Structures are given as C-alpha cells and as structure tokens.
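Coordinate analysis (summary)
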Amino acid sequence: MTTSASPITALLGPTNTGKTHHAIERMLEHASGMIGLPLRLLAREVYDRLTARVGESRVALVTGEEQRIPRRPSYWVATVEAMPVDREVDFLAVDEVQLAAHAQRGHVFTSRLLSARGRLETWFLGGATMRDALRELVPTARHVEHPRLSRLSYAGATPLARLPPRSAVIAFSMPHVYELAERLRKRRGGAAVVLGALSPRTRNAQVAMFQAGEVDCLVATDAVGMGLNLDVEHVAFAATRKFDGRDVRDVDDAELGQIAGRAGRWIHDGTFGALTPLELPSGTVHAIETHTFSRVRRVQWRSDALDFASIAALRASLAEPPSRGIFRHAAGAEDAACLAHLAGRAEVGRRATSPDRVRLLWDVCTVPDFRKLMLEVHVDFLAELFIELADRGRLGDAWLERHVGELERGAPSDVEELVARTAAVRTFTYVANRGSWLDAPETWQARTRALEDRLSDALHERLVLRFVDAKKASRPRARPRGRRVARESEPELAALADGGLDPGHPFAKLAALRAGLGPARAAVARPGAPAWVDEIVESAHASLALGASGEVVHAAGGRVVGRVVRGGSIALPDVRLADGDELGAGARSRIHRRLLAFARDVVGELLGGVGELASHAGASAPLRAFVHRLEQGLGTALEADLEDVLARLSGDDRAALEERGVRFGAGVVYLPRGVTPAPVAARVALASSWFRAGRALVAPAGGAVSFVPSRGVDRRAYAAIGFPVVGPRAIRADVLDRVVAHLARSADDERADEATLASWIGAPRGDVRKVLAAAPRGDVQRATPDTRARDEAPS
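Residues numbered from 1 in each chain as written. Predicted model: local features only at pLDDT ≥ 70, side-chain atom pairs only at ≥ 80, totals over all residues. Heavy atoms only, no water.

**Quick look at the pairing of strand 22 (residues 572-577)**
The two faces of the sheet receive side chains in turn, since in a regular strand these alternate between them. For clarity, the threshold we go by: Paired strands are those between which DSSP finds at least two bridges. Secondary structure follows DSSP: runs of H or I at least 4 residues long count as helices, runs of E at least 2 residues long count as strands, and numbering of each begins at the N terminus.
When strand 21 (residues 559-569) meets strand 22, the two strands line up antiparallel, connected through five bridges. Bridged to valine 565 within strand 22 is aspartate 574. Counting the residues that bridge the hairpin from strand 21 to strand 22 gives two residues.

Next up, the structure:
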C-alpha cells in the first residue's frame with residue numbers, strides 16, 4: 001500500500017455523526033478506493049450500500065469468511081484484518097481507529113494507521129478519544145471533528161416492566177441476556193436477541209424482527225455497540241461489569257458511551273439509563289451525555305517484519321519490543337498465544353523446519369476461534385489443521401468431509417447447541433475461504449455457507465419460539481412520523497418473510513403457527529424468507545436478465561422478480577419488486593438492493609466503464625461533461641449534441657475514451673458493443689422507463705438497421721437505444737457512421753449515394769432522400785481509419 005505524502009484526514013466524533021457515510025461518499029468521488037471496517041456485518045452493510053449505487057461489478061467484498069471479488073473492481077470493502085493492503089487505490093479509509101487500543105485486535109489497527117495509505121487521499125475515522133494518539137502516530141493528518149446529529153440524555157433507572165417502547169436492554173453475558181429476554185416475553189410479549197456469538201445471518205434476522213416492530217424490545221450484549229444501525233430510542237443497562245476473557249472488570253465509560261449511542265439515530269434524540277436497581281454513576285452519565293471520555297494514551301503494537309526462518313525466529317520477531325512510548329506490545333493477541341502452544345508440540349516442530357512451513361504454521365495460527373471454548377481446544381484443532389496441510393499440501397475432501405459432515409448430521413434442538421454448532425461451522429467457512437489450502441475451495445465454500453445458513457435460520461427459529469409470545473407480541477408498527485423503519489444503510493437486514501415453505505423447511509412449523517394466528521399476529525411468527533429470496537440475493541449477474549419490456553428475470557425457474565422504473569436519471573434507474581407484498585420489510589429491502597445493483601451493472605456494461613473515467617478526482621471538466629452526455633444516451637450521441645465538449649477534449653482524454661471502446665465516428669459518437677441485439681433490448685427497457693414511452697418504444701424487428709420512429713416518443717429515446725433519428729428514420733449508430741462518412745467522400749455523385757444508401761439503410765428511396773437532406777455532414781477526417789475503409793453494406 002502506498003505510504004506517500006498524500007493528504008490524510010482524521011474524521012473524529014461520537015456515534016451518530018455520519019463519519020462512515022461521509023467516507024463512503026468521498027471514496028465514490030475517486031476512481032478507486034478501499035475502506036476497512038471493524039466487523040464483517042458492517043462490511044457487508046457498506047458493500048450492499050455501494051453495490052446499490054455503482055453495481056456489483058465494481059465493488060469487492062473481502063472478509064475472513066466471505067470473498068466476492070469481481071473481475072475488475074474499483075472499490076474494496078473489507079474487515080480491517082482482511083484489507084488487501086498490497087493493492088494500490090486512490091482513496092483509503094479505516095473506520096473505528098480507536099480500536100487500536102484493543103488488546104486482541106489493536107495491533108492491526110495500529111499497523112493500518114502507520115502504513116496504509118491511499119495514493120491520493122487517506123481518511124481515518126474514529127472517536128475523539130483518539131485525537132492525541134493520532135497527532136503522535138500520524139502527525140501530518142488534518143483533524144476534522146463532527147458533532148453528534150442528535151441529543152443523548154439520561155433518563156434514570158427504570159423497571160423492566162416500564163421500559164419505554166423501542167428499548168434496547170444491555171447485559172454482558174449470555175445467561176443474563178437469556179434471563180432478561182424470558183422476563184420480557186412474560187411482560188411485553190417478547191424480545192429480539194443480539195449476541196456476539198450469533199452468526200451475522202441470525203443477528204440480521206433478529207434485528208429485522210425488532211426493526212419491523214414485531215417485538216418492541218431488544219436484549220443484547222455489547223455486540224450491539226458497533227456495526228448495527230437500529231431504530232432504538234432508549235438504551236437501558238442491566239449491568240456494567242463484564243468478563244473480558246481473562247477477568248471480570250468494569251465496562252469503561254467510553255464503551256458504555258459507544259453502546260448508549262445506539263439510541264436516537266440520525267436527527268432523532270435518544271435516551272439512556274439503567275434497569276432498577278442499577279444506577280449509573282453521575283460521572284459516567286456526564287461523560288456519555290457530553291461525549292467526553294478518557295483519551296487513548298497508548299495503542300497496541302506488534303512488528304510487521306516477521307522472521308520465518310524458524311519457529312524460534314518467528315516468536316522472537318513477534319516479541320520485538322516497541323520503540324516508542326505510545327506503543328504497548330500486543331502480548332495478549334490470540335494468534336501469538338496459539339503459536340506459543342503449538343511451538344511446544346513435537347509433532348508440529350518436526351514439520352515446521354523451513355521458512356515456507358513456518359509461514360504456513362503462522363497462517364494456521366491466524367484462524368479465529370469462533371467457538372470461544374478453552375484456548376487449548378482451539379490449539380488442538382489448529383495442530384490437526386497444520387499437520388494435514390504440512391503432510392498433504394492441501395486439505396483433502398476426505399478430511400473436510402469428516403469434519404463438516406459431522407456438523408451436518410443431526411438436528412440440534414436447543415439454542416445453546418445451535419449457537420455452538422454454528423460457531424464451529426464458521427471456522428470451516430473461514431478455512432474454505434483460504435483457497436490455496438483446498439483442492440476444491442468453491443465447492444466447500446458453498447457447502448459450509450449453506451450449512452451455516454441452515455443452522456442460522458434454525459437458531460433464529462428457536463430464539464423466536466423461546467423468547468417471543470405470539471399472543472402478546474406487538475403488531476408490526478407503522479412507520480413513525482419523520483423516521484424510516486428500514487434505512488438504505490441497512491439493506492442487509494434479513495427478512496422475516498411469510499409462507500410458501502416446504503414441509504422440510506426449518507420454519508415450516510412456525511409458518512403453520514403464523515397461519516393459525518391470523519393476520520393480526522401474523523408477522524410475529526415470520527422467522528425466515530422463502531428460499532428463492534436468498535437465491536436471488538446471492539445470484540451472480542449472469543443469473544439475472546433484463547427484458548425489453550423492463551422485467552428482471554431470474555434464470556432459475558424463469559421467475560420475474562421485478563422491473564426497472566424511472567430513477568434519478570436514465571443511467572441511474574430504480575427498480576420495483578414483482579412479489580413484494582408477500583415478504584417482510586427486510587426481504588424486500590435485500591431483493592431491492594440486489595436488483596438495484598443488477599440495474600447499475602447493466603448500465604455499466606452498456607457504457608463499458610466509460611463512467612469510471614469521469615469519477616476520477618483528476619478528471620478534466622470537458623471529460624466529465626462528455627461522459628455525462630454519453631451516459632444520458634446510454635452510449636450514443638449525435639456529434640452535433642457534443643460539439644462544444646468535443647472541441648475541448650484533450651488528446652489524452654480522447655485516447656482514454658477510445659481505449660474504453662468509444663468510437664468517434666462521422667456524425668455520431670457511440671460504443672459499438674451497445675448496438676448488438678442483447679444490449680439494444682436492455683437499452684429499450686431503460687429508455688422506455690426514463691422517457692415514459694411505454695410500449696411505443698420497441699427494438700427493431702428482424703435485425704433491421706433502421707425503422708420509422710413512433711409518433712409522440714421523444715427523439716432522445718431513440719438515440720438512447722442506439723438508433724438516432726435522422727429525417728424520417730431511426731438509424732443504428734454504426735450504420736449512421738458509415739452513411740455520414742460515405743456522404744463526406746461522395747458529395748459529387750448523389751445518385752450513387754442514393755442507391756448505395758438505400759441498401760445500407762434498408763429504406764425506400766423516398767426515405768433515403770429525406771435522410772440525405774437531414775444527415776449531419778460529418779468531417780471525414782474525424783472518422784477512424786477503419787470507418788473510412790468500410791465499403792460494404794452492414795449486416
């Protein structure tokens with residue numbers, strides 16, 4: 001990653017200041033970028049937001065458990081640990097940099113602060129507690145502080161039975177969370193549950209239940225403090241002490257403030273307090289209300305220059321003492337602790353005898369302990385994993401089948417066992433994403449992901465059965481005035497959808513229960529979306545198709561899932577779902593996000609990446625203007641409509657456009673790839689919705705290269721489908737190019753022109769004469785050599 005003197009901005013402030021939003025918007029102003037986020041869940045949220053803006057073909061997602069990398073991405077979204085820092089990008093951002101003080105993960109954030117840079121611009125986002133540390137670590141950074149967008153005030157202590165609507169109750173252990181959820185089930189009809197041990201899919205489903213108003217309370221650990229934007233109006237602490245993996249300690253004010261900040265999102269004020277008999281100290285209350293917390297004075301650090309000559313050399317390099325007073329050595333990192341245990345095992349030492357084997361051992365040590373049992377149990381698994389890789393070079397199918405197959409057998413019935421099994425599967429999902437370790441990584445990635453999804457859905461079902469009383473739970477709430485129930489920033493929250501489930505589906509019993517409850521309570525028992533929802537959300541671009549009438553069709557089964565409708569511009573269409581009424585708000589949001597990304601990708605394919613040239617921060621004004629006009633024609637424009645910007649385009653800009661496939665023809669500028677039948681059908685769909693042409697705008701039948709345009713249809717619509725109107729005919733752009741070039745060469749022989757052009761255009765002589773009269777007289781010198789050389793009629 002570039003470490004040059006590009007401008008660095010430190011954007012600091014409390015929760016709900018829009019820091020991440022501003023960073024995303026700034027990244028999109030650059031031609032390429034990367035953002036590192038603290039959680040997989042938050043990374044997926046940002047990925048969904050970006051793909052809905054620019055399409056999936058331009059955005060890559062990289063986490064330990066998931067990789068979605070298109071052929072040529074412009075933007076990278078990753079967890080901080082998974083950031084591909086060897087890749088150069090124009091803009092780079094790291095979120096929640098105050099985690100540099102975290103005992104387990106802090107050294108990774110510190111490393112990013114010290115060395116990760118964008119080629120043109122770098123942003124570091126975090127709490128104001130990092131102000132002094134950043135001044136020492138990144139002295140050239142420009143500091144910008146954002147105030148919170150809403151007020152956060154203390155509401156005192158409240159009994160559980162009197163919690164205000166839209167409350168989140170915070171505990172710091174799973175048993176305490178379960179106890180509170182049980183009590184809320186009896187008193188308030190139930191609660192959603194959010195734990196760090198839940199998979200992202202289960203967490204999303206639980207949160208969606210709360211967001212939709214199907215339950216009015218949420219019980220959570222501190223996992224809710226980061227990465228989830230919720231419609232919470234009040235946060236109540238049921239405890240202020242936690243076990244951090246080593247000791248039971250008081251949760252510090254900054255941590256409490258991060259959690260309390262979940263209340264009152266955007267411009268809506270929020271409150272926080274405690275559950276009686278707990279009272280928050282006055283100093284803590286003041287700190288949270290004023291967002292004034294103790295400064296981060298030291299950050300975790302570990303050397304990045306690791307020595308793989310031997311296990312001993314690796315451990316020595318990991319133990320290298322820091323050279324600056326602000327650094328605290330990351331002695332408690334889990335990967336180093338695992339290495340220390342494995343180094344004492346003879347069967348490991350016999351195999352780790354070369355730099356390559358030592359590096360492999362270190363890679364194995366970085367596999368996270370999702371199960372959170374004893375460290376020794378995790379080390380036993382890592383030892384087995386390393387030995388298999390060292391002896392065989394890859395993880396064989398038989399080895400994976402033994403482990404994954406065991407997790408597939410049986411059907412756990414209680415919440416605790418489902419949590420444990422899902423965590424175990426996440427370990428193998430992570431391993432499967434280390435492609436070089438497996439013979440068939442794609443096969444095992446799909447299998448472990450499918451198993452994780454099944455277990456996650458079953459866990460959500462059990463949580464609903466255990467902690468939601470369908471007879472007492474609240475009805476889905478109406479959208480509060482001035483507030484959106486599901487924001488665009490939350491498209492990944494899973495749907496609580498109804499019906500249509502096969503008898504073997506894990507939610508079949510709940511679907512039957514829901515049907516029996518009747519419509520008044522129906523939404524309470526909607527624990528999962530129909531299987532086709534996930535198929536569409538996770539589908540590849542090629543699995544969806546856009547028809548000329550605007551329908552979006554999913555290839556599997558030919559289901560029409562939506563249609564394109566008029567959006568912000570012809571190049572930014574919106575989509576409308578075909579089957580939205582039967583789904584919950586979360587499922588509709590997820591499908592809408594996927595179809596919107598598909599529509600953006602369709603436009604991107606039509607324009608051949610031309611839009612990316614204008615998104616570069618250094619793009620010239622004439623280039624931006626040219627690209628904008630070409631986008632409004634979906635890749636086609638008459639030369640006369642571009643005359644002012646063509647005169648100002650530099651030679652370099654023109655060359656860059658030609659490299660992306662733009663043809664500066666005679667009388668017309670176009671992308672040849674956009675005038676073949678499939679792209680024309682997509683252009684008809686997009687132009688029909690934008691110009692409100694309905695069925696009057698159709699693609700020419702039988703491969704015709706010209707036709708008579710319909711009356712009452714905006715002539716710009718025909719240019720947008722690749723057939724600019726000249727006189728009485730709409731003529732395909734490449735044919736018009738040949739026609740104008742021919743006219744420029746044959747001005748002295750009009751009869752020859754008329755006969756030739758009648759066959760080229762496929763039109764009666766009378767129409768040809770009118771075309772000749774109206775045709776632009778392009779400069780033949782502007783045509784490309786291959787255009788001037790064309791002599792035969794187009795196909």
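**Digging into the state of the cysteines**
Defined as follows: Pairs of cysteine sulfur atoms within 2.5 Å are what we label disulfides. The classification of residues rests on relative accessible area computed with a 1.4 Å probe and restricted to protein chains. Under 20% of the type maximum is buried, over 50% is exposed, and intermediate values are partly exposed.
Counted by the stated rule, this structure contains zero disulfides. No disulfide involves cysteine 365; its sulfur sits 5.9 Å from that of cysteine 338, the nearest cysteine. Since its relative accessible area comes to 2%, cysteine 365 is described here as buried.

**Quick word on the sheet that holds strand 20 (residues 551-554)**
What counts is decided by this rule: Each axis is a line fitted through C-alpha atoms, taken for helices only over the stretch in contact, and angles between the N-to-C directions span 0 to 180 degrees. Contacts were defined at the residue level, with two residues in contact if any of their heavy atoms lie within 4.5 Å.
What the four strands build is an open sheet, ordered 19-20-21-22; its pairing is antiparallel. Each of the sheet's edge strands pairs with one partner strand only, and the pair in question is strand 19 (544-546) and strand 22. Between one strand axis and the next, the sheet turns through 35° on average, direction left out of account. Across the sheet, helix 24 (residues 677-690) lies against strand 19, strand 21 and strand 22, angled at about 55° from strand 21, the strand it touches most.

**Concerning the packing of helix 14 (residues 397-408) against helix 15 (residues 415-432)**
Cut-off, in case you're wondering: Orientation labels follow simple angle bins: below 35 degrees gives roughly parallel, above 145 gives roughly antiparallel, 65 to 115 gives roughly perpendicular, and whatever is left gives oblique. Each crossing gets its hand from how the near helix is turned against the far one by less than a right angle, where anticlockwise is left-handed and clockwise is right-handed.
Two elements in contact, helix 14 and helix 15, have axes separated by 10 Å at closest approach and are oriented at 155°. When the axes of helix 14 and helix 15 are compared, the pair comes out roughly antiparallel. Like other packed secondary-structure pairs, helix 14 and helix 15 cross with a definite hand, here left-handed. Where helix 14 abuts helix 15, its residues Trp399, Leu400, His403, Val404, Glu406 and Leu407 lie against Arg421, Ala424, Val425 and Phe428.

**Considering the environment of glycine 703**
Mapped onto the elements, glycine 703 comes out in the loop between helix 24 and strand 26 (706-707). Look at glycine 703 and you get exposed, because its relative accessible area is 54%. Separated by 27 residues in sequence, glycine 703 and threonine 676 place their C-alpha atoms 9.0 Å apart.

**Some remarks on the sheet that holds strand 4 (residues 67-68)**
Reading across from one edge, 4-3-5-2-6-7-1-8 is the order of the eight strands in this open sheet, with mixed pairing throughout. For this open sheet the edge positions go to strand 4 and strand 8 (142-145), each flanked by a neighbour on one side alone. One ladder, built from four bridges, connects strand 2 (residues 33-37) with strand 6 (residues 91-94); its direction is parallel. Paired with glycine 36 across the bridge in strand 6 is valine 94. Together, strand 1 (8-12), strand 2, strand 5 (75-79), strand 6 and strand 7 (121-126) form the strand contacts of helix 1 (residues 19-28), whose direction differs from that of strand 7 by roughly 170°.

**Thoughts on the pattern of salt bridges**
Stated formally: A pair is scored as a salt bridge if a Lys or Arg side-chain nitrogen falls within 4 Å of a carboxyl oxygen belonging to Asp or Glu.
For the structure shown, the criterion picks out 48 salt bridges. Aspartate 250 is the salt-bridge partner of arginine 241, the closest N and O atoms lying 2.7 Å from each other. Note on arginine 241: relative accessible area 43%, which makes it partly exposed. Linking arginine 716 and aspartate 714 is a salt bridge whose minimum nitrogen-to-oxygen distance equals 2.7 Å. Judged by its relative accessible area of 56%, arginine 716 falls in the exposed class. Three or more residues joined by partner-sharing salt bridges are found here, namely Arg44, Asp48, Glu56, Glu66, Arg68, Arg449, Glu538, Arg593 and Arg594.

**Remarks on the environment of arginine 119**
Rules: Residues adjacent in sequence count toward polar contacts only when both atoms are side-chain atoms; beyond that, a polar contact is any pair of N or O atoms within 3.5 Å, and within protein one must be able to donate a hydrogen and the other to accept it.
Mapped onto the secondary structure, arginine 119 falls in the loop between helix 3 (106-115) and strand 7. Take arginine 119: its relative accessible area is 35%, and that puts it in the partly exposed class. Separated by 113 residues in sequence, arginine 119 and serine 6 place their C-alpha atoms 6.3 Å apart. In this structure the side chain of arginine 119 is engaged in a polar contact, spanning 2.9 Å, whose partner is the side chain of aspartate 90.

**A look at the confidence of the model for the protein chain**
How we decide: The predictor rates its confidence in each residue with pLDDT, a number between 0 and 100.
For the protein chain, per-residue confidence averages 84 on the pLDDT scale, and 87% of positions sit at 70 or higher. For residues 478-527, every residue scores under 50 in pLDDT, and the model assigns this stretch 122 contacts once sequence neighbours within four places are set aside. Counted against residues more than four places away or in other chains, residues 779-795, with its pLDDT under 50, gives 31 contacts.

**Observations concerning the nonpolar core**
Across soluble globular proteins, you tend to see nonpolar side chains buried next to one another. Note the following rule: As used here, the term nonpolar core means buried Ala, Val, Leu, Ile, Met, Phe, Trp, Tyr and Cys residues forming a set that is joined through side-chain atoms within 4.5 Å.
Ranked by internal contacts, the top residues of the largest apolar core, which has 67 residues, are Val169, Leu385, Leu395 and Trp437. Of all the elements, helix 15 adds the most residues to this core, at 10 residues. Leaving out residues up to four positions away in the same chain, valine 169 has contacts with Leu160, Leu163, Leu180, Leu184, Leu218, Val219, Ala220, Ala236, Ala238 and Leu275.

**Considering the side chain of arginine 40**
Residue placement: arginine 40 occurs in helix 2 (residues 40-54). Judged by relative accessible area, arginine 40 falls into the buried class, the value being 15%. Among the polar contacts made by the side chain of arginine 40, one reaches the side chain of glutamate 65 at a distance of 2.8 Å. If near-sequence neighbours (up to four positions away) are discounted, arginine 40 is found in contact with Thr63, Glu65, Glu66, Thr79, Pro200, Arg426, Arg449 and Glu452.

**Description of the packing of aromatic side chains**
This is how it is decided: Pairs were defined over the aromatic rings of Phe, Tyr and Trp, the Trp ring being its six-membered one, requiring ring centres within 6.5 Å. Orientation was assigned from the angle between planes: stacked under 30 degrees, edge-to-face over 60, tilted for the rest.
Overall, the coordinates contain 10 aromatic pairs when judged by the stated rule. Here the aromatic rings of phenylalanine 91 and tryptophan 123 are separated by 5.8 Å at their centres, their planes lie at 65°, and the arrangement is edge-to-face. Here phenylalanine 91 is found in strand 6, whereas its partner tryptophan 123 is found in strand 7, with 32 residues between them in sequence. The exposure classification of phenylalanine 91 matches that of tryptophan 123, with both residues buried. Ring geometry for phenylalanine 381 versus phenylalanine 428: centroids 5.5 Å apart, planes at 75°, classification edge-to-face.

**Structural notes on the environment of arginine 409**
Relative to the elements of secondary structure, arginine 409 occurs in the loop between helix 14 and helix 15. With a relative accessible area of 53%, arginine 409 lands in the exposed category. Ignoring anything within four residues of it in the chain, the contact list for arginine 409 reads Arg402 and Arg421.

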